[in-house]
Amino acid sequence: MKSPPVRRALVLSAGRGERLRPLTDTLPKPLMPVLGLPVAERTLRLLAGAGVESAAVNLHHLGSSIRQRLGDDVAGMPLVYSTEEMLLGTLGPFGLLEEFFAGVDPVLLVNGDSLCRWPVGAVARVHRASGADATLLLSSRADPKYFGGGVVTDRHGRVLSFRGGTDGPGTRRGVFAGLHVISGDLLRNIAPRPADIVSELYEPILARGGFIHGVFTRRRWHDLGTPSRYLRAVLGQARHRGRIGRSWTASDATVAATAKVRSTVIESGAVVEWGAHVEGSLVLDGARVGTGAEVRRSILGPEVVIADGRRLEGQLVTRLGDVPPRPIDTVDGDLVFTPLDGTPLNGGTG
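Structure report, in brief. (Residues numbered from 1 in each chain as written. Predicted model: local features only at pLDDT ≥ 70, side-chain atom pairs only at ≥ 80, totals over all residues. Heavy atoms only, no water.)

## Some thoughts on the overall build of the protein
1) Next: A count of helical and extended segments in the protein gives seven helices and 29 strands.
2) Next: Taken over the C-alpha trace, the protein has a radius of gyration of 21 Å; the compact-globule value for 350 residues is 20 Å, and the two agree within 12%.
3) Next: Dimensions of the protein, computed from the C-alpha atoms along their principal axes, are close to 65 × 45 × 40 Å.
4) Next: Scored against the burial criterion, the 350 residues of the protein give a buried share of 54%.
5) Next: Across the protein, contacts joining residues at least 24 apart in sequence account for 57% of those joining residues at least 6 apart.
6) Next: As displayed, the protein has an accessible area near 15600 Å², and 48% of this comes from carbon and sulfur atoms.
7) Next: With 42 positive and 35 negative side-chain charges, the protein shows a spacing of 8 Å between the two charge centroids. (Helix = DSSP H or I, 4+ residues; strand = E, 2+ residues; numbered from the N terminus. Rg over C-alpha atoms; globule rule 2.2 N^0.38 Å. Buried < 20%, exposed > 50% of the residue type's maximum accessible area, 1.4 Å probe, protein only. Contact = heavy atoms within 4.5 Å. Areas by Shrake-Rupley, 256 points an atom, 1.4 Å probe, with all protein chains shown as cover. Lys, Arg positive; Asp, Glu negative; His and termini not counted. Charge placed at Lys NZ, Arg CZ, Asp CG, Glu CD.)

## Concerning the nonpolar core
1) Next: The biggest cluster of nonpolar side chains holds 74 residues, and the ones touching the most others in it are Leu47, Leu108, Tyr230 and Leu300.
2) Next: No other element matches helix α7 (residues 227-240), which puts six residues into this core.
3) Next: Beyond its immediate sequence surroundings of up to four residues, leucine 108 is in contact with Val6, Arg8, Ala9, Leu10, Leu47, Val52, Val120, Leu179, His180 and Val181.
4) Next: The next biggest cluster of nonpolar side chains, apart from the first, holds 29 residues, and it includes Val104, Ala134, Val159 and Ile212. (Core = buried A, V, L, I, M, F, W, Y, C linked by side-chain atoms within 4.5 Å.)

## Some words on the layout of surface pockets
1) Next: Here the largest pocket is characterised by a volume of approximately 1100 Å³.
2) Next: What lines the largest pocket is a set of 41 residues, and nearest its centre among them are Thr90, Asn111, Phe176, Asp196 and Asp223.
3) Next: For the lining of the largest pocket, the elements supplying multiple residues, two or more each, are β12 (172-182), α6 (197-207) and β14 (221-223).
4) Next: It is β12 that provides the largest number of residues to the lining of the largest pocket, a total of six residues.
5) Next: Class assignment for the residues of the lining of the largest pocket results in 16 nonpolar, 15 polar and ten charged. (1 Å grid on protein atoms, 1.4 Å probe; cavity = no way out; pocket = protein on both sides within 12 Å on 5 of 7 lines; lining within 4 Å. Points joined across faces, edges and corners; volume = space filled by probe spheres on them. Nonpolar A, V, L, I, M, F, W, Y, C, P; charged D, E, K, R; others polar.)

## Notes on the side chain of threonine 135
1) Next: Checked against the element boundaries, threonine 135 lands in strand β9 (residues 134-139).
2) Next: Classification of threonine 135 by relative accessible area gives buried; the value is 0%.
3) Next: Of note is the side chain of threonine 135, whose polar atom sits 2.8 Å from the side chain of histidine 127.
4) Next: Beyond its immediate chain neighbours, meaning those up to four positions away, threonine 135 contacts Val123, His127, Ser130, Leu179, His180, Val181, His213 and Val215. (Polar contact = N/O pair within 3.5 Å; in protein donor to acceptor, adjacent residues only side chain to side chain.)

## Describing the environment of arginine 7
1) Next: Along the chain, arginine 7 turns up in the segment before β1 (8-12).
2) Next: Spatially, the C-alpha atoms of arginine 7 and alanine 48 are 10.0 Å apart, while their sequence positions differ by 41 residues.
3) Next: Aside from chain neighbours lying at most four places away, what touches arginine 7 is Val52, Glu53, Ser54, Gly103 and Val104.

## Some remarks on the pairing of β12
1) Next: The buried count for β12 comes to eight of eleven residues, which makes it a mostly enclosed element.
2) Next: Summarising the sheet, strand β7 (residues 107-111) and β12 pair through four bridges and their orientation is antiparallel. When the bridges of β12 are listed, valine 110 appears paired with leucine 179.
3) Next: Direction of pairing for β9 relative to β12: antiparallel, over a ladder of five bridges. Bridge pairing in β12 links serine 139 to valine 175.
4) Next: Where strand β10 (residues 151-153) and β12 come together, three bridges link them in antiparallel fashion. Paired with threonine 153 across the bridge in β12 is arginine 172. (Pairing = 2+ DSSP bridges.)

Have a look at this one:
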């Protein structure tokens, strides 16, 4: 039997999702739905299909919700959970998972809040053939200026610098797309403390003349770190699924016959009432758009109810909870309105 390209993986799922607040006050980033499936589950299903034998999921913020939703396995691939009392960053989690990764080479590390059709096998094969210490997937489609300047490589893919280093003759710049294949020896004796994998592992490797490889991809990759990026990713996924009108509606959602829905994703249990108009938006589980309401370029959080006739544009709408709103938020009744791009629009009123 052919051995899998990577036997074990860690899917990073512990972050607080600060830039997505207040949505992530009650919904952790790894569970944000994309066409009916949590983004982390999509990644785990892809890893299982690539032959990964078992995956670890690190937990911190709303960790019990993640464990409850994902369960003991995904697509037959067993899951191991690692709970962090404090956030350990991108390298520190390996300190708690030393036994899980003992003797494994190479190791796969994936961001649990990114959306991509990860080319796991291809990156792993390049890693083995090149003899690199680590191999990173780099997006050639994303604009480096929006991601800290990106990663610079030479013409052969050898990483020269991180965090927007200097270009030179024959260099190439890409955006890290959330997938690492790492030689197992590098992950032994990692202390279970907060640590960043770039500054505490990769940059020291470069400083001593080691080899980190960058593999460029044209596949669509989305970082879901902000409401606008999340909305763009979900709508892009619907568009490329070839749905009629570039929209996607869950099988148990309800859209009235006279409602107009364009370039929109409507998740499980959501309702769009008679005469409503929803465009370029995401309506999350159990949300309701009232009769004659208009919603454009917005995200409606779980169980949010938009009143009849209300007009809304460019907003993240969530229910008022236990966490105090931020200065940028507008509170109206039991709803919190947060501008998608960080600039006040109309507070959700109309």
